[in-house]
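Here is how the chains run, residue by residue.
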Amino acid sequence: MIVVPYTFNLWIRVLKLQKENNDLRMICSDRLDGSESSKILLHEGRALVSDWSNTESRTVARFTMVVTLLMPFVLYKYLDYLPQLKNLSKGMKNNQEEVPLKKRIAYMVDVCFSVNPSAKLLALLFATIFLIAFGGLALYVVSDSSFAEALWLSWTFVADAGNHADRVGMGPRIVSVSISSGGMLIFAMMLGLVSDAISEKVDSLRKGKSEVIERNHILILGWSDKLGSLLKQLAIANKSIGGGVVVVLAERDKEEMEIDIAKLEFDFMGTSVICRSGSPLILADLKKSDARALRVVLSLIGVKEGLKGHVVVEMSDLDNEPLVKLVGGDLIETVVAHDVIGRLMIQCALQPGLAQIWEDILGFENAEFYIKRWPQLDGLRFEDVLISFPDAIPCGVKVAADGGKIILNPDDSYVLIEGDEVLVIAEDDDTYSPGPLPEVRRGLFPKIADPPKFPEKILFCGWRRDIDDMITVLEAFLAPGSELWIFSDVPEKDREKKLIDGGLDISNLKNIRLVHREGNAVIRRHLEYLPLETFDSILILADELLEDSIVHSDSRSLATLLLIRDIQSKRLPNKDTSSVSLRLSGFSHSSWISEMQQASDKSIIISEILDSRTRNLVSVSRISDYVLSNELVSMALAMVAEDKQINRVLEELFAEEGNEMCIKPAEFYSFDQEELSFYDIMIRGRQRQEIIIGYRLANAERAIINPSEKSQPRKWSVDDVFVVISSNE
């Protein structure tokens, strides 16, 4: 307030002195010649104007610089008094306690820097421009350079701190050193911002926050203990095309996911696995996996760009399947994990060895289902189509006239028409094609009917969330008079409520009777209260309370298995070691493992295994069959991900009604030591309305699905068995 009037007063005095000087020069000019006088006056006038202009501009620059330097200190000192002056000018009294203006301004700056990502960069740009402008103004005041030259020098001092070394004079040196110091500070801040931006980008890439731009890839949403098996199956499926791309989006750190995938120690055969960290949900995570799956489906349906392909959803409860399909429509294919494993365990309990066959068919390492159109087969009956593929086995037809419905095990009289596709079991989608019809021998063979069903006694050890669905399946499979014992630590008073809540009407059970026993399956004295030697089949279930800990669950299942076999071996009525099956020949008959193997001939035990590493412990002992639940579900998910049509096939094969996978003795199709080709066996199977897809020899441990050299004759033993797709009606 004092400096500005004083500056104006000095400027008026300078103008008066300049006017007096001009008057004196005019008087002196009369003594000179006219022409010379005019030249001198003109020259001196220009110099006078120039000197006055420079003096005036430098004076203004000097006082501008002083005011600019003093202004921050004045504002910092008296800023908090501005609201009080404003209230006094309006004659108002503010009794409320107000936040000081300095704190409010500091808060607004803090919010600006926090909310606006570009605020730091803009602030740095403003500071650079201000330093160049103020430094140029200061150089203009203390030197003889023009203002434009002073601005340029200021920029060079900011950009390069060593440019001020040739300055002469105390004033220019002080100003140039000050500008260079400010330039070093600004460039240090700039390097910090650039470094932070680069670090943030690298961290974003490391943590998996960047976008994925791929086409024709498979997206896996979420992380579970099935992921390793699923990735393995997808890699095998993509092997024939040189590999594919699989993207995993889960609520885990990207580096942790990549480390876990690297621990799989599996050759992905060209398939790239891209991990991204994030949640497919908008709101907080939900505890129930099916509710979570429903929310993910809703999120996917809401994608603005739309979805291409199809979505495969792993469900936990069969009852929630219609809700997800209602939301997703035809875009969604569901695989109910617990339902699949529960039904498969029952099938394996009734038919030992079926688990290995399903493991081969569901995985991409051996033979699996494929659907393809072959125009050259149009007009052929299915009985001829059945033997048209040297490297595949036809199992059904996708009927174009019926909206693409897949018919498993159709009648021999069905004639393929244009648009129909053939469902086969083959090694890969490019390893088979139709060939000429082979010569087959139909001949006579034993006409043996399927044996009648007898009542069975089955034990469930453990409690699964879908145990009500398993009971429903058993009701459909077992003969009247059968018993189902349920041994679990779930209180008996709570079991009926759980079964009813699951949708089971106990009063409608006609074929089986429920017997409840309460106890711990890993405590020997609890198991000894059960008549373990009387059961036809025992199913050791992965308890629902241990689903999240696969190691603990498998340890519990293995302990239960060993305890049951040991108790059974001690209760055998006679320990006859004279007749030991071929599969036991690798062990000493007097050892404890041999006694358990004898017990395994008396009853079947099916163990549900979650971790594939536990499989080795169970299979080496040869005292139990097993169902590798997590891996089988992963296989089913991978197969449906590759071709959603296969889901209809799996649904029928796992259902209580329709066609199912069976193991049947060779005596149904040939005489002992009869020499026949596999094609001949297939033709005989058609007379029983069955499709034979493989066999297991009497001295072999594994079945062969889709055998090669189907026309090659061989001798068949009555101890051999065949794997068939048969109607259970």
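Basis of the calculations
- Numbers given to residues run from 1 along each chain, matching the order in which its sequence is written.
- Selection of residues for local features in this predicted model requires a pLDDT of at least 70, selection of side-chain atom pairs for listing and counting requires 80 or more, and totals for whole chains, interfaces and linings are taken over all residues.
- Excluded from the side-chain calculation are hydrogens and water; included are all heavy atoms of the structure.
- UniProt positions are given in the numbering used here, feature names are shortened, and annotations may be inferred rather than shown by experiment.
- Here a Phe, Tyr or Trp ring, Trp counted by its six-membered ring, pairs with any other such ring whose centre lies within 6.5 Å, and the pair is stacked when the planes are under 30 degrees apart, edge-to-face when over 60, and tilted otherwise.
- Secondary structure elements are taken from DSSP: a helix is a run of H or I of four residues or more, a strand is a run of E of two residues or more, and numbering for both begins at the N terminus.
- Only buried Ala, Val, Leu, Ile, Met, Phe, Trp, Tyr and Cys residues count toward a nonpolar core, and they belong to the same one when joined by side-chain atoms within 4.5 Å.
- Buried residues are those whose accessible area, probed at 1.4 Å on protein chains only, stays under 20% of the maximum for their type, while exposed residues exceed 50% and partly exposed ones sit between those limits.
- Just so you know, the domain bounds were taken from an automatic or database domain assignment.
- Two residues form a contact once any of their heavy atoms are found within 4.5 Å.
- DSSP calls a pair of strands paired once it identifies at least 2 bridges connecting them.
- In this analysis an axis means a line fitted to C-alpha atoms, helices contributing only their contacting stretch, and an angle means the value between N-to-C directions, from 0 to 180 degrees.
- Should the near helix be turned anticlockwise from the far one by less than a right angle, the crossing is left-handed, and should it be turned clockwise, the crossing is right-handed.
- Asp, Glu, Lys and Arg are counted as charged, while Ala, Val, Leu, Ile, Met, Phe, Trp, Tyr, Cys and Pro are counted as nonpolar; the rest, among them Gly, fall into the polar class.
- Within a predicted model, pLDDT stands for the predictor's per-residue confidence, ranging from 0 to 100.

Going by the annotation in an unreviewed UniProt entry, the name recorded for the chain is RCK N-terminal domain-containing protein, with Eucalyptus grandis given as the source organism. Of the comments in the UniProt record for the chain, the one headed Sequence similarities (unreviewed entry) reads "Belongs to the castor/pollux (TC 1.A.1.23) family." Per UniProt, the comment on the chain under Subcellular location (unreviewed entry) is "Endomembrane system".

## Side note on the packing of aromatic side chains
By the definition in use, this model includes eleven aromatic pairs. Aromatic side chains Phe 678 and Tyr 695 sit 6.0 Å apart centroid to centroid with 50° between the ring planes, which places their arrangement in the tilted category. Remark: Tyr 695 occurs in strand S18 (residues 690-696) and Phe 678 occurs in helix H23 (residues 678-686); sequence separation between them is 17 residues. Taken together, the ring pairs connect Phe 668, Tyr 669, Phe 678, Tyr 695, Trp 716 and Phe 722 into an aromatic cluster.

## Notes on the nonpolar core
If you look at the biggest cluster of nonpolar residues, it comprises 117 residues, and the most contacted ones within it are Phe 369, Leu 539 and Ile 693. When residues of this core are assigned to domains, at least three map to each of domain 2 (218-338) and domain 3 (657-728). When sequence neighbours within four positions are dropped, the list of residues in contact with Phe 369 reads Ile 361, Cys 395, Leu 423, Val 424, Ile 425, Met 639, Ile 646, Val 649, Leu 650 and Leu 653. In this structure, Leu 459, Leu 530, Leu 532 and Leu 561 belong to the second largest nonpolar core, which totals 18 residues.

## As for unusual backbone geometry
For Asn 409, which is not glycine, the phi torsion reads 50° and is therefore positive. Secondary-structure assignment places Asn 409 in the loop between strand S8 (405-408) and strand S9 (421-426). Its identity as a non-glycine residue notwithstanding, Asn 706 has a phi of 55°, on the positive side. With respect to the helices and strands, the residue Asn 706 is situated in the loop between strand S19 (704-705) and strand S20 (714-716). Accessibility expressed as a relative area gives 13% for Asn 706, which makes it buried.

## A short note on the environment of Gly 502
Residue placement: Gly 502 occurs in the loop between helix H16 (492-501) and strand S12 (512-518). When its relative accessible area of 16% is taken as the criterion, Gly 502 is described as buried. Residues Gly 502 and Asp 469 lie 33 residues apart in sequence; the distance between their C-alpha atoms is 7.9 Å. What Gly 502 contacts, discounting residues up to four positions off in sequence, is Asp 319 and Asp 468.

## Let's talk about the sheet that holds S19
Two pairing modes exist for strands in a sheet, parallel and antiparallel, and in both the strands are linked by backbone hydrogen bonds. Strand order in the open sheet formed by four strands is S16-S21-S18-S19, and the pairing between neighbours is antiparallel. Among the strands making up the open sheet, the edge pair consists of strand S16 (659-665) and S19. Where S16 and strand S21 (residues 721-727) come together, seven bridges link them in antiparallel fashion. Looking at the pairing, Ile 663 lines up with Val 723 of S21. Each of S18 and S21 is contacted by H23, which is oriented at about 140° to S18, the strand it contacts most.

## Some details on the side chain of Ser 229
Mapped onto the fold, Ser 229 is located in helix H8 (residues 227-237). Beyond its immediate sequence surroundings of up to four residues, Ser 229 is in contact with Glu 631 and Ser 634.

## Here we look at the pairing of strand S10 (residues 457-461)
The buried count for S10 comes to five of five residues, which makes it a mostly enclosed element. Side-chain alternation along S10 places Lys 457, Leu 459 and Cys 461 on one buried face and Ile 458 and Phe 460 on a second face that is also buried. Summarising the sheet, S10 and strand S11 (residues 482-488) pair through five bridges and their orientation is parallel. The partner of Leu 459 across the bridge, within S11, is Trp 485. In this sheet, strand S13 (residues 537-540) lies alongside S10 in parallel orientation, the contact comprising four bridges. Paired with Leu 459 across the bridge in S13 is Ile 538.

## Some details on the environment of Leu 545
Within the secondary structure, Leu 545 sits in the loop between S13 and helix H18 (550-570). With relative accessibility at 69%, the residue Leu 545 sits in the exposed group. In sequence terms Leu 545 and Gly 462 are 83 residues apart; their C-alpha atoms lie 9.7 Å from each other.

## Some remarks on the packing of helix H12 (residues 337-350) against helix H15 (residues 467-477)
With their axes 9 Å apart at the nearest point, H12 and H15 run at an angle of 35° to one another. In the crossing of H12 with H15, the sense of the turn from one axis to the other is right-handed. The residues of H15 that touch H12, namely those facing Asp 339, Gly 342, Arg 343, Ile 346, Gln 347 and Leu 350, are Asp 469, Met 470, Val 473, Leu 474 and Phe 477. Across the contact of H12 with H15, the residue classes tally to six nonpolar, two polar and three charged.

## Considering the sheet that holds S10
Spatial strand order, S12-S11-S10-S13-S14-S15: six strands in an open sheet with parallel pairing. What marks the edges here is a single partner per strand, and that holds for S12 and strand S15 (625-628). Going across the sheet, the axis of each strand differs from the next one's by a mean of 20°, ignoring polarity. The sheet contacts of H16 involve S11 and S12, and relative to S12 the element is tilted by about 140°. Most of the contacts of H18 go to strand S14 (residues 604-609), to which it runs at about 170°, and overall it touches S10, S13 and S14.

## As for the UniProt feature "transmembrane region" (unreviewed entry) in the chain
When the UniProt feature table is mapped onto this chain, "transmembrane region" (unreviewed entry) is found at residues 60-79, 121-142 and 174-198. The straight-line gap between the two end C-alpha atoms of residues 121-142 is 32 Å; of that span, 100% is helix and 0% is strand. Secondary structure content for residues 174-198 is 100% helix and 0% strand, and the end C-alpha separation is 36 Å.

## Overview of the confidence of the model for the chain
Parts of the prediction with low pLDDT should not have their coordinates interpreted in detail. For the chain, per-residue confidence averages 78 on the pLDDT scale, and residues scoring 70 or more make up 78% of the total. In this model residues 575-592 is a low-confidence stretch, pLDDT under 50, and it forms 21 contacts with partners more than four residues away in sequence or in other chains.

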